[in-house]
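Residues per chain are reported as follows:
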Number of protein chains: 2
Amino acid sequence: MADKVTIADVARIAGVSRQTVSNALNSPEVVRPETRQRVLEVVEELGYRVNLAARQMRTGRSGLIAIRIDPAGDGINGSVFDRFLHGLTESAAEAGYRLLLYTAGDDDKEIAAFEDLLGAHEPDAFVLTSTHHKDPRTSWLLDRKLPFVTFGRPWSELPEVPHPWVDVDGSAGTEAATEHLLATGHRRIAFLGWPSGSGVGDDRREGWRRALAGAGLDPTGLSRATSDAIADGEAAARDLISGDPDITALVCASDSLALGALQVARSPNPAWHAEAYRRIAVVGFDDTPVAKAIGLTSVHQPLTEAAARCMQLLSRALERTPPGTILLPPSLVVRQSA
Amino acid sequence: MADKVTIADVARIAGVSRQTVSNALNSPEVVRPETRQRVLEVVEELGYRVNLAARQMRTGRSGLIAIRIDPAGDGINGSVFDRFLHGLTESAAEAGYRLLLYTAGDDDKEIAAFEDLLGAHEPDAFVLTSTHHKDPRTSWLLDRKLPFVTFGRPWSELPEVPHPWVDVDGSAGTEAATEHLLATGHRRIAFLGWPSGSGVGDDRREGWRRALAGAGLDPTGLSRATSDAIADGEAAARDLISGDPDITALVCASDSLALGALQVARSPNPAWHAEAYRRIAVVGFDDTPVAKAIGLTSVHQPLTEAAARCMQLLSRALERTPPGTILLPPSLVVRQSA
């Protein structure tokens, strides 16, 4: 294949330095008109494109926003990130930005990736996901005064320097799920979540607890924690249900856990339609395509809106206005399972 | 927030031109040692990062691979692209590249995006998905001798200039699905696909037809075409089944269509487990998370491998070796539905 035309080609053929080519394109006032004319003719002749190099020198902006992408998981909860990513790409495009993807196995590797990205591509801003307690990534970016927004609130004690974030109010989601179950007659409602210590997981458990407390019900013994996989959800649900015959409903921290719980909830009388769910009502979280396909009631996160709001806060950060924070309400999508 | 340090800052403080800063970093042999020393000290002092501008001038490579991302759909078939994207990001990272995402509503807009991307970010290569008959995007890239690979074969008459592509053999997938049904005793096996004219859809129909022909069975009247949505699949399956009481199995061009077909296949005796599928066996295509969650037998595409192979062919294209093409075999994942 033919070589790409470079600024050096233009400079050579026009008989000027590369800097003069760059100036002719970006700072014409510092170049003599006849020189500029000659450069532009060569640019036209060779089909040279004003490149990022020149543009970056002029504006100090790359037009790139960097975001981490993880290896594909079970495809259930990963779909939340994917929907967010699709939305963010659209919102970024509307604001004149494009997304640059990178990978990183842990926080330290992600910080190394920040350094590498800044050296190689100079992204104008970062979008971080999966925020967690004592997140070193936000401190690193704050220390360097680099614009970023997190999808996920800062879970630690408030950082000394605030930063922009967008999140969905998970506890409001599980609270609404639990209140829906209370309103439909359930009194002994258990919670299936993740081990305590994760900001997102603890928040979702808190919403369930709050709803029970509001109804004057005691949550003691009604919560189980496990890792986020279908089989683990099934085992934990079996443990809960077999140990407490009065349980009639389960609120789950994810659709993966809810899918596992459904395997238990449906037995011993499995069936497909509404009858299927008579024994134990199950509510999931995230309203994944799987939930829609199997009739699982689930808490829906407004991911397209979250992505648009992230872009909105990033635009403000790029203009160096004080950081904003946005907590979006989720909604409960009621289907056959509860 | 503080300004980003630019090459102009370094030049001003070191008392040299921007070109000299660039040379000091990239072509030290053309700069006097004491000048280089002074520039490096200022670079260190200001925390200036060698930027893409300088790097691009030197290598002519941006390290970026551009790929289009579409708005989120129903989350079922879109998961195929998402899994491919996750895999491609990983493979690209191993080869020292990163992905740049862009959006485009149609072929013309995508070609406009190519122009814009080339002007703004100079991607080294493109990965195209959703190839189709008379695809103008490939001609455009071929005309300009820009490196690219398509995930999806060229569906038109062979292009005059071949280009690298990776695809999964869809007809082998539906053929295997149909042979599985034949082996388990089914004789009247219908196909639920998309309107003819789409390369992917016609190919999947062809595999089913081939398997029936191999068993000496007549496919006449056993094929329906509809758009790719659950409700459309349900309507088309109902039409097929009600019009031919001998049909005992359905091969579908997607998991979305198969999900619709299952609504019909399960009635009038709906149930959750193996009994559920006694009446009409259903096979989907793509082995999406939904298929796994509901026990749908489906054709699995090796998407992580496809992504790795795309990267492999791109690496060859970037070295200007002749284009390669790779057709990967799919596999049938047998679950309860067939």
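Going by an unreviewed UniProt entry, chain A carries the name Alanine racemase and comes from Acrocarpospora corrugata.

Regarding the overall build of chain A
On a plain count of helices and strands, chain A comes out with 13 helices and 12 strands. Counting over 338 residues, chain A shows a buried share of 56%. Sequence separation of at least 24 residues holds for 66% of the intrachain contacts in chain A that already meet a minimum separation of 6. Only carbon and sulfur atoms are counted for the fraction: they give 51% of the accessible area of chain A, which is about 13600 Å².

Topic: the sheet that holds strand β4 (residues 148-151) of chain B
Reading across the sheet, the 12 strands line up as β11(A)-β5(A)-β4(A)-β3(A)-β1(A)-β2(A)-β2(B)-β1(B)-β3(B)-β4(B)-β5(B)-β11(B) and stay open at both edges, with mixed pairing between neighbours. Each edge of the open sheet carries a strand with a single partner, namely β11 (325-328) of chain A together with β11 (325-328) of chain B. If you compare each strand with its neighbour and ignore which way they point, the axes differ by 20° on average. Where β4 of chain B and strand β5 (residues 165-168) of chain B come together, two bridges link them in parallel fashion.

Observations concerning helix α3 (residues 33-46) of chain B
Residues and elements named next belong to chain B. Taking 1.5 Å of rise per residue, the 14 residues of α3 would be expected to cover 20 Å, and the 20 Å separating its terminal C-alpha atoms lies within 8% of that figure. All of the buried residues along α3 are Thr35, Val39, Val42 and Val43. Along the axis of α3, the buried positions cluster into a sector of 105°, meaning they face one direction only. Counted as exposed and oriented over 90 degrees from the buried face of α3: Pro33, Glu44 and Glu45.

Some points on the packing of helix α8 (residues 170-183) of chain B against helix α9 (residues 199-214) of chain B
Residues and elements named next belong to chain B. Where α8 meets α9, the closest approach of the two axes is 7 Å, and the angle between their N-to-C directions is 35°. Crossing hand, α8 versus α9: right-handed. Across from Gly170, Ser171, Ala172, Thr174, Glu175, Thr178, Glu179 and Leu182 in α8, the residues of α9 making contact are Asp203, Arg204, Gly207, Trp208, Arg210, Ala211 and Leu212.

Considerations on the sheet that holds strand β10 (residues 297-300) of chain B
All names here are of chain B. Strand order in this open sheet of six strands is β7-β6-β8-β9-β10-β12, and the pairing throughout is mixed. Of all strands in the sheet, those with a lone pairing partner are β7 (223-225) and β12 (331-333), marking the two edges. Adjacent strand axes in the sheet meet at a mean angle of 20° when their direction is disregarded. Pairing between strand β6 (residues 189-193) and strand β8 (residues 249-252): four bridges, direction parallel. From the neighbouring strand, Ile189 faces β8, where its bridge partner is Ala249. Contacts from helix α10 (residues 230-243) reach β6, β7 and β8, with the element oriented near 150° to β6.

Notes on the pattern of salt bridges
All names here are of chain A. By the definition in use, this model includes 38 salt bridges over all chains. For Asp135, the salt bridge identified is with Arg137, shortest N-O distance 2.7 Å. The exposure classification of Asp135 matches that of Arg137, with both residues buried. The shortest N-O distance in the salt bridge between Arg309 and Glu305 comes to 3.4 Å. In this pair, Arg309 and Glu305 both sit in helix α13 (residues 303-318), four residues apart, roughly one turn of the helix.

Some details on the packing of aromatic side chains
Working definition: an aromatic ring pair is given by the centre-to-centre distance plus the angle between the planes. Residues and elements named next belong to chain A. Applying the stated criterion to the full structure yields 10 aromatic pairs over all chains. Ring geometry for Phe84 and Phe151: centres 4.3 Å apart, planes at 10°, overall stacked. Here the residue Phe84 occupies a position in helix α5 (residues 78-94), and Phe151 occupies one in strand β4 (residues 148-151), the gap between them amounting to 67 residues. The same class applies to Phe84 as to Phe151, namely buried.

Looking at the pairing of strand β2 (residues 98-102) of chain B
The side chains of a regular strand alternate, residue by residue, between the two faces of the sheet. With respect to burial, β2 of chain B is a largely interior element, five of its five residues being buried. By the alternation rule, side chains of β2 of chain B split into Arg98, Leu100 and Tyr102 of chain B and Leu99 and Leu101 of chain B, which are all buried. Bridge count between strand β2 (residues 98-102) of chain A and β2 of chain B: three bridges; the pairing is antiparallel. Paired with Leu99 of chain A across the two strands is Leu101 of chain B, which belongs to β2 of chain B. With five bridges connecting them, strand β1 (residues 64-68) of chain B and β2 of chain B associate as parallel partners. Following the sheet pairing, Arg68 of chain B is matched in β2 of chain B by Tyr102 of chain B.

Focus on the confidence of the model for chain A
Low pLDDT marks stretches whose predicted atomic positions should not be read closely. Per-residue pLDDT for chain A has a mean of 86; in total, 88% of the residues score no lower than 70. Between the elements of chain A, mean pLDDT differs from a low of 52, seen in helix α4 (residues 52-59) of chain A, to a high of 98, seen in helix α8 (residues 170-183) of chain A.

Quick notes on the nonpolar core
Judged by nonpolar contacts, the single largest core of 82 residues is most densely connected at Leu250 and Val282 of chain A together with Leu250 and Val282 of chain B. Discounting chain neighbours no more than four positions away, the residues touching Leu250 of chain A are Ala190, Ala237, Leu240, Ile241, Ala261, Ile280, Ala281, Val282 and Val283 of chain A.

Thresholds applied
- Residues numbered from 1 in each chain as written.
- Chains lettered and ligands numbered in written order.
- Predicted model: local features only at pLDDT ≥ 70, side-chain atom pairs only at ≥ 80, totals over all residues.
- Heavy atoms only, no water.
- Helix = DSSP H or I, 4+ residues; strand = E, 2+ residues; numbered from the N terminus.
- Buried < 20%, exposed > 50% of the residue type's maximum accessible area, 1.4 Å probe, protein only.
- Contact = heavy atoms within 4.5 Å.
- Areas by Shrake-Rupley, 256 points an atom, 1.4 Å probe, with all protein chains shown as cover.
- Pairing = 2+ DSSP bridges.
- Axes fitted to C-alpha atoms, helices over the stretch in contact; angles between N-to-C directions.
- Expected span 1.5 Å × (residues − 1).
- Arc of directions from axis to C-beta.
- Left-handed = near helix turned anticlockwise from the far one by under 90°.
- Salt bridge = Lys/Arg side-chain N within 4 Å of Asp/Glu carboxyl O.
- Phe/Tyr/Trp six-rings, centres within 6.5 Å; stacked < 30°, edge-to-face > 60°.
- pLDDT = per-residue confidence, 0-100.
- Core = buried A, V, L, I, M, F, W, Y, C linked by side-chain atoms within 4.5 Å.

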